[in-house]
Structures are given as structure tokens and as C-alpha cells.
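# Per-entry structural report
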Amino acid sequence: MEKRKDGFLIERGAHDKDFIFGTRAVMEAIHAAKEIDKVLVQKELNNDLIKELLQLCKASGVPVVRVPDAKLNRITRKNHQGVIAQMSAITYASLDNVIDNCYAIGKSPLILILDHITDVRNFGAIARTAECAGIDAIVIPEKGSAQINSDAIKTSAGALNFIPVVRVKNLFYTCRDIQKMGLTLVAITEKTDKIMYEADFGSPVAMVMGSEEDGISQEIMGIVDEKVKIPMAGNIESLNVSVSAGIAIYEAIRQRKA
């Protein structure tokens, strides 16, 4: 948070160009197929126009978050009418297109799945490494993931302008779909005895990295094809997720170049 000269608190990194304010303006943006990360709607609002907005968001696959009025006022002093759309800083990719394109050019797909990585610095660092290494796409859930805004772009050193990012409604079902497309689902986790160097990353692979707090969710851990860990020799049990992702990514690249 930061403080304006008038003493009003505003969320750090929030700029008017990142948002659309007002119910009808947001609806027009959705109709125009603008890339929207999510729509924030004041909790208490439930009039006919809001109901129309909610139906439109559902039909268009735009996430909606109900928030208190104070949350909206931290973003702007403008007349937001209880509705603010947070614009996406990127254009999201289609997972089917990414994988189909890989197969079409004879490339073995290498996908990175981020299971609710919420810290924008970690997300940006992972995206930077993934782009440098030539990862084919990053897959994230539409809810519970770091916001892809101007701060994320900056933290990634611009990598998010180049690497395809796929945003999905349900990460579990997407993982199932990825397996059906012929990719091996590999969890990078400390909850296994198998060392990462023993895995085969040369075939089509989707690597799963877990969140900073909870790691990979139990439901996804229940369907992965393989679990591997980064060998640890020190007293600390785990690495930062962006560091772990970097190690795993470049082990996959090393195997593919060997």
C-alpha cells in the first residue's frame, strides 16, 4: 500500500490504465473482447444491472470477485459504481493451440504448470527463466494466482510479453486434459524419494510447481504420472519456488540437449 498526498490509501502498482470503472463500461469492455483478469464487484450490490453483468462474466469466462467497498476505494477515488475491471497486461494463449503447434513442428512440448503461485515476484522470476529456456507455455488458474499486471511484466524483465501464458478455470481438469494430449505430468515436490535427475524430461512433459505456502494441491498430486525432487544436502528443507522452477526447467533443457 502507498499513501497519496490527500492521505488516501491506494494499492501499490494500481494505475487507472490498468482498470475500467463502472458497470456499463465494464460490460462494454467484455462485449468488445478486451482481455480482463477479473471483475471486482461490491459485495452488497445485487440490482438488475449487476445481475446482467454477472451473467455476462459467466458466459464470457471472466472471473468475478465479490469485495467490500473499501477494497474498491483503495484502487480509485473515481465513481466506480461498485464495479471495477482489472485489465490484463497480456493476451492469454490457448493450450490446445500451443501443444498442437509443438506437435506440428515436430517439437516435444515442455509446459510449466503453476499451482496457485501468488507472489508476483516469484511469478515474474519464473516467467523470466521459462522464457529464457524456451518453455512452450505457462499454465495458471484464473483464481488464486499472481496478478499479471504491469508490475508482473516488470518483474519478469518483459518475458511475459513473449512466453505464452494459458489461464484456465479448473487446473485439475486441465491437468487431466494435458495428460490426454500425450504429456507426462511431473510434480516437482519434496514429497518423494525419486531424484529429479532420474526422470525423463525428453518426452512431452508438463512440470507442476506448487504454491509458496501449500505446495502442489492434493488432488493434482493424486493424478500426476511422476513425482521427483531436487536433491538437498543442507539443513533447510526447501528452496524458493522460483529457484526450484529454474533448476527443474534447466534439468529438462539439459536432458533435451544431451
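See the structure shown above.
Heads up: these notes are all about the structure in this document. It should be emphasised that the depicted structure is a prediction, and the values quoted were computed from it without experimental measurement.

Computed from the structure, the largest pocket encloses a volume of approximately 560 Å³. Across the lining of the largest pocket, the residue classes tally to nine nonpolar, seven polar and seven charged.

Turning our attention to the pattern of salt bridges. Under the counting rule described, the total for this entry stands at six salt bridges. Taking the shortest distance from any N to any O, the salt bridge between R121 and D119 comes out at 3.1 Å. Taking relative accessible area as the criterion, R121 reaches 58% and is therefore assigned exposed. Its salt-bridge partner being K194, residue E226 comes within 2.2 Å of it at the nearest N-O pair. Within this pair, whereas E226 is found in strand 12 (residues 226–228), its partner K194 is found in the loop between strand 10 (184–188) and strand 11 (205–209), the two being separated by 32 residues in sequence. Overall, the relative accessible area of 18% leaves E226 in the buried class.

Regular strands have side chains that alternate between both faces of the sheet. Burial within strand 10 is extensive, with four of its five residues counted as buried. Pairing of strand 10 with strand 11, which is carried by four bridges, proceeds in the parallel orientation. Bridge pairing links A187 to V208 in strand 11. Here strand 10 runs beside strand 12; their pairing, made up of three bridges, is parallel. Bridging across to strand 12, I188 finds its partner in V228.

Scoring rules and cut-offs
Residue numbers here run from 1 along each chain, matching the order of that chain's written sequence. In view of the model being predicted, local features appear only for residues whose pLDDT reaches at least 70, and side-chain atom pairs are presented and counted only at 80 or more, with totals across whole chains, interfaces and linings using the full set of residues. For the side-chain quantities, the full set of heavy atoms in the structure was used; hydrogens and water were omitted. Using only the protein atoms, space was sampled on a 1 Å grid; points where a 1.4 Å probe fits but cannot get out form cavities, open sets with protein on both sides within 12 Å along at least five of seven lines form pockets, and lining residues are those with an atom within 4 Å of a point. Grid points are joined across faces, edges and corners, and a volume is the space filled by probe spheres set on the points. Residue type decides the class: Asp, Glu, Lys and Arg count as charged, Ala, Val, Leu, Ile, Met, Phe, Trp, Tyr, Cys and Pro as nonpolar, and the leftover types, Gly among them, as polar. By convention in these notes, a salt bridge is any Lys or Arg side-chain nitrogen within 4 Å of a carboxyl oxygen on Asp or Glu. A simple rule labels every residue: compare its accessible area, found with a 1.4 Å probe on the protein chains alone, to the largest value its type can have, and call it buried under 20%, exposed over 50%, or partly exposed in between. Helix and strand assignments come from DSSP, with helices taken as H or I runs of at least 4 residues and strands as E runs of at least 2, each series counted from the N terminus. When DSSP locates at least two bridges between a pair of strands, those strands are taken to pair.

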